[in-house]
Amino acid sequence: MSISLPKVGFGTYLITNQELEQAIPTALKAGYRHIDTAQVYRNEEGVGFALTKALEDQGLSREDVFITTKVFPGNEARGQSPMTYSDTLNSIEPSLEKLQLDYVDLYLIHAPFCKNERVEQWRALVEIRRLGKAKSIGVSNYNQIHIEEIKSAGLPLPEANQIELHPWCQKTELVSYLNQNDISIIAFSSLVPLSTWRSKEGEKSSKSEQMKADGEDPSSIIKVLANKYRVSVAQILLKWGLQKGYAIIPKSSKQDRIKQNIDLYSFEIDETDMQKLSSINRSDGGVAWPEGDPILIN
Ligand SMILES: NC(=O)c1ccc[n+]([C@@H]2O[C@H](COP(=O)([O-])OP(=O)(O)OC[C@H]3O[C@@H](n4cnc5c(N)ncnc54)[C@H](OP(=O)(O)O)[C@@H]3O)[C@@H](O)[C@H]2O)c1
């Protein structure tokens, strides 16, 4: 069953605990009501600290915000043991403590790394939801095979799948499978085609380096449409995701960009232009994992 979640969320990967002290209140003031973090981002503490203070300062309550975090399931390719059922069941506790919350709105398995334990890990998430520690549960970087495993085990299906999606990486078959199965789609890394995407030293993705950024190329359709609709290239990429029906979670540590990335309702990309954006699908994503794109794991 799909879930109802705020359409524009705030991504926090590569934002430090200290930067979050400014970024979270700015995001809430700008209107974001969904915050996306993960155990491997090592910033759940910063999210918890900044969120608690910002809710109080801005007169908001816990129920006004939607908080997502993700369990990292282990990965033998990184020398980590796969998480068992009870490891996964217990994994929520330190997250709740760091986030200063009694429950998260959405708890995701970060990636389908553990072939032999995937179903047991999912069973643990079902129990976490039953215990009320997560309102909704889902997966990330899962493909049809991974979700079919859950179906075959007779377990409830994930309520959401968080995956890389932008005009270069459209995953059309997976998207229609998720829609058919009523699984909400949350798009991450919407801004990959920008030259500013993770451009700082230490943030770069080796893969995006090999890709020619379309964002600033005057002949690229993304840039042409940004000029036509008098918005930024980032806004075209984010609006594309919204018009496809996805929830989006752009990240920025800069105040002006945080505001710009949720300012998406003064224009609408017309059908012809949406089709033009569909024509630049490269099928390949820009996010490079050391072990290869997890969505391609069987
Ligand atoms: N589930 C997963 O496996 C997974 C994987 C990747 C990401 N995610 C989630 O999705 C979120 C978003 O993905 P992401 O962080 O990879 O990338 P993103 O949000 O698509 O792009 C962020 C990058 O673009 C820059 N940027 C942001 N707004 C901009 C604007 N308006 N104009 C120009 N440049 C702009 C940012 O730089 P500045 O910060 O300097 O502005 C940063 O380098 C993450 O933060 C995380 O929460 C999940």
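Above this text is the structure in question.
In short, a report on the structure. Owing to the predicted nature of the structure, the values given are computational and were not obtained by experimental measurement. (Residues numbered from 1 in each chain as written. Predicted model: local features only at pLDDT ≥ 70, side-chain atom pairs only at ≥ 80, totals over all residues. Heavy atoms only, no water.)

Focus: the pairing of strand E4 (residues 104-109)
- Taken across its six residues, E4 has six buried, putting it largely inside the fold.
- The pairing of strand E3 (residues 66-71) with E4 spans four bridges and is parallel. Paired with Thr68 across the bridge in E4 is Leu106.
- Where the polypeptide runs from E3 across helix H3 (residues 85-99) and back to E4, its parallel neighbour, the crossover connection is right-handed.
- With five bridges joining them, E4 and strand E5 (residues 134-140) adopt parallel strand pairing. Bridging across to E5, Tyr107 finds its partner in Ile137.
- At this point the chain moves from E4, through helix H4 (residues 118-130), to the parallel E5, and the crossover so formed is right-handed. (Buried < 20%, exposed > 50% of the residue type's maximum accessible area, 1.4 Å probe, protein only. Helix = DSSP H or I, 4+ residues; strand = E, 2+ residues; numbered from the N terminus. Pairing = 2+ DSSP bridges. Right-handed = clockwise from strand over helix to strand, strands pointing away.)

So, the sheet that holds E5
- Reading across from one edge, E1-E2-E3-E4-E5-E6-E7-E8 is the order of the eight strands in this open sheet, with parallel pairing throughout. The open sheet has two edge strands with one neighbour each: strand E1 (9-11) and strand E8 (247-248).
- Pairing geometry for strand E7 (residues 184-188) and E8, over two bridges, is parallel. Across the sheet, residue Ile186 finds its bridge partner in E8, namely Ala247.
- Packing of helix H6 (residues 172-180) onto the sheet brings it into contact with strand E6 (160-164) and E7, and relative to E6 it is tilted by some 165 degrees. (Contact = heavy atoms within 4.5 Å. Axes fitted to C-alpha atoms, helices over the stretch in contact; angles between N-to-C directions.)

As for the pattern of salt bridges
- Summed over the entire model, instances satisfying the criterion amount to 13 salt bridges.
- We note a salt bridge from Lys133 to Glu93, for which the minimum N-O separation is 2.4 Å. Of the two residues, Lys133 is situated in the loop between H4 and E5 and Glu93 in helix H3; the sequence distance between them amounts to 40 residues.
- Taking relative accessible area as the criterion, Glu93 reaches 35% and is therefore assigned partly exposed.
- For Glu120, the salt bridge is made with Arg123, and the minimal N-O distance between the two is 2.9 Å. Taken together, the residues Glu120 and Arg123, both in helix H4 and three residues apart, mark about one turn of the helix.
- Under the relative-accessibility criterion, Arg123 is labelled partly exposed at 34%.
- Three or more residues are tied together by salt bridges with common partners; here these are Lys228, Asp270, Asp273 and Lys276. (Salt bridge = Lys/Arg side-chain N within 4 Å of Asp/Glu carboxyl O.)

What about helix H5 (residues 144-152)?
- Of all the positions in H5, only His146, Ile147 and Ile150 are classed as buried. Down the axis of H5, the sector holding all buried residues measures 95 degrees, keeping them to one side.
- The inward-facing, buried residues of H5 contact H4, E6 and H6.
- Between a side-chain oxygen at the N-terminus of H5 and the backbone nitrogen of Ile145 the separation is 2.8 Å; the capping residue is Asn143.
- In the segment just after H5, Gly154 is the residue with positive phi, at about 75 degrees. (Arc of directions from axis to C-beta. Polar contact = N/O pair within 3.5 Å; in protein donor to acceptor, adjacent residues only side chain to side chain.)

With respect to the packing of aromatic side chains
- Across all of its chains, the model carries five aromatic pairs by this definition.
- With 5.7 Å between their ring centres and 50 degrees between their planes, Phe72 and Phe113 make a pair best called tilted. Of this pair, Phe72 sits in the loop between E3 and H3 while Phe113 sits in the loop between E4 and H4, and the two are 41 residues apart along the sequence.
- Classification of Phe72 by relative accessible area gives buried; the value is 9%.
- Positioned over the ring face of Tyr103 is Lys135, at 4.4 Å from the centre of the ring. (Phe/Tyr/Trp six-rings, centres within 6.5 Å; stacked < 30°, edge-to-face > 60°. Lys NZ or Arg CZ within 6 Å of the ring centre and 35° of its normal.)

Thoughts on the packing of helix H2 (residues 44-57) against H3
- Between H2 and H3, the least distance of the axes is 7 Å, while the angle of their chain directions is 40 degrees. One finds that H2 runs oblique with respect to H3. Side by side, H2 and H3 meet where Glu44, Glu45, Val47 and Gly48 of the first sit next to Ser95, Lys98 and Leu99 of the second.
- Across the contact of H2 with H3, the residue classes tally to two nonpolar, two polar and three charged. (Parallel < 35°, antiparallel > 145°, perpendicular 65-115°, else oblique. Nonpolar A, V, L, I, M, F, W, Y, C, P; charged D, E, K, R; others polar.)

Structural notes on the site of the ligand
- In the vicinity of the ligand, 30 residues are found, and the nearest of them are Asp36, Ser189, Arg198, Ser252 and Lys254.
- Contact between the ligand and Gln260: a nitrogen atom at 3.0 Å from a side-chain N or O atom of the residue.
- Considered on its own, the ligand offers 900 Å² of accessible surface; in the complex 96% of this is hidden by protein.
- Of the residues contributing to the shell around the ligand, the split by class is ten nonpolar, 13 polar and seven charged. (Near = heavy atom within 4 Å. Areas by Shrake-Rupley, 256 points an atom, 1.4 Å probe, with all protein chains shown as cover.)

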